[in-house]
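Observations on the three-dimensional arrangement
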Amino acid sequence: MKATAAAPSNIAFIKYWGKKDEKLRLPENGSISMNLSNLTTRTTVEFNSKFKKDLVVIDDFIDNKESSRVIKQLDLIRKKANIFHKAKVVSKNNFPKGTGLSSSASGIAALTLAASKAAGLNLSEKELSILARQGSGSACRSIPDGFVEWLDGNTSESSYSLSLYPPSYWPIVDIVAVVSKRKKDTSSSDGQKLTSTSPFFPERLSRIKEKISHLKKFLKNKNFTEFGQMIEEEALELHAIMLTSKPALIYWLPETVKLMKAVKKWRNDGLEVYFTINTGQDIHLILEEKNIKQLINKLEKIKEIKNIIINRPSFGARLIDKHLF
Ligand code: PMV
């Protein structure tokens, strides 16, 4: 009754922001993402009748808030498998968590796959995605491979993710520029509760279906320029909703804005790169493989950048042999 899984974080090109059902985590709109090869979580789960209580160790620490979120997810899985044993969970991220790099997506996806296997369940990709969604919305996109669409759905059964294209489909790159390891003040889950307080949110929703279909067309045609322009506009629209929520959510730091401006300048100078940002200060730079060297040369000259993480499109969650305990 022990299993281990690895799962990638993902970057949304069309973002998930706002829920039409808080408990089931049904999103207000569909979203599109890419799994990231170098932001991963590995998790081992063991259910055992000898364990007196659930134990959750993430990156060598026990944290009550994080443990209760993990235990909620274990409860869903125990219910489905009809088992009652307590569990030991050990999880390791290869990147800083709580800073906007979507560790909850990779973390909940790895947990869902490892725990369901350890509980004796053999779930389909769709079933795993539905379960992962209930632990963290964006986690449902870390289950399938490569370029992924999350269908919003009106019921739990119809709100899940599927792969649009495998990782090898399009060699685009996501270079994450880490500008601070500071944890964000407001989690995505809490921030999302404010969505309806922005007067611009209904306007966003009225255009989102059309936006998704355009982005899917740009992906299909591998039209990098139109694709890049749209994802950058989308990130700014997401932050416009956050900035106009009550109270306002400001996730950027001065370093984030400096990089946003630098991206515009580099583009004017002929280097085709676009940015996207989630609920954090770090910036994702999206470019084609052929331009990596040129961009890294530029990033190395910016003293505010603490670290860069180069990601290519990745597989989704998978079982691995090497247990963490
Ligand atoms: O799944 P959550 O609750 O961590 O929310 C993710 C929200 C964004 O990262 C801002 C957008 C997205 O679609 O990933």
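Scroll up to find the structure this text is about.
Keep in mind that this is a model prediction, so the values were computed, not measured. (Residues numbered from 1 in each chain as written. Predicted model: local features only at pLDDT ≥ 70, side-chain atom pairs only at ≥ 80, totals over all residues. Heavy atoms only, no water.)

Here we come to the site of the ligand. Close to the ligand lie 13 residues; Ala12, Tyr16, Ser138, Arg141 and Gln192 are nearest. For the ligand, an oxygen atom lies 2.9 Å from a polar atom in the backbone of Tyr16. Residue Arg141 places a side-chain N or O atom 2.8 Å away from an oxygen atom belonging to the ligand. For the ligand, the accessible surface in isolation is 380 Å², of which the surrounding protein chains cover 97%. (Near = heavy atom within 4 Å. Polar contact = N/O pair within 3.5 Å; in protein donor to acceptor, adjacent residues only side chain to side chain. Areas by Shrake-Rupley, 256 points an atom, 1.4 Å probe, with all protein chains shown as cover.)

For the structure shown, the criterion picks out eight aromatic pairs. Ring centres of Phe147 and Tyr169 lie 6.1 Å apart, and the angle between their planes is 75 degrees; this geometry places the pair in the edge-to-face category. With Phe147 in strand 7 (residues 147–150) and Tyr169 in the loop between strand 8 (161–165) and strand 9 (172–178), the pair connects residues that are 22 residues apart, well separated along the chain. Owing to a relative accessible area of 0%, Phe147 belongs among the buried residues under this scheme. Above the face of the Phe325 ring, Lys88 is positioned so that its terminal group lies 4.4 Å from the ring centre. (Phe/Tyr/Trp six-rings, centres within 6.5 Å; stacked < 30°, edge-to-face > 60°. Helix = DSSP H or I, 4+ residues; strand = E, 2+ residues; numbered from the N terminus. Buried < 20%, exposed > 50% of the residue type's maximum accessible area, 1.4 Å probe, protein only. Lys NZ or Arg CZ within 6 Å of the ring centre and 35° of its normal.)

Time to look at unusual backbone geometry. Residues Lys246 and Pro247 are joined by a peptide bond in cis, for which omega reads -5 degrees. By the secondary structure assignment, Pro247 is in the loop between helix 6 (224–243) and helix 7 (254–268). With a phi angle near 55 degrees, Arg25 is a residue other than glycine that sits in the positive phi range. Following the sequence through the fold, Arg25 ends up in the loop between strand 2 (19–21) and strand 3 (26–27). A positive phi angle, close to 70 degrees, is found at Asp60, a residue other than glycine. By secondary structure assignment, the location of Asp60 is in the loop between strand 5 (55–58) and helix 1 (64–81).

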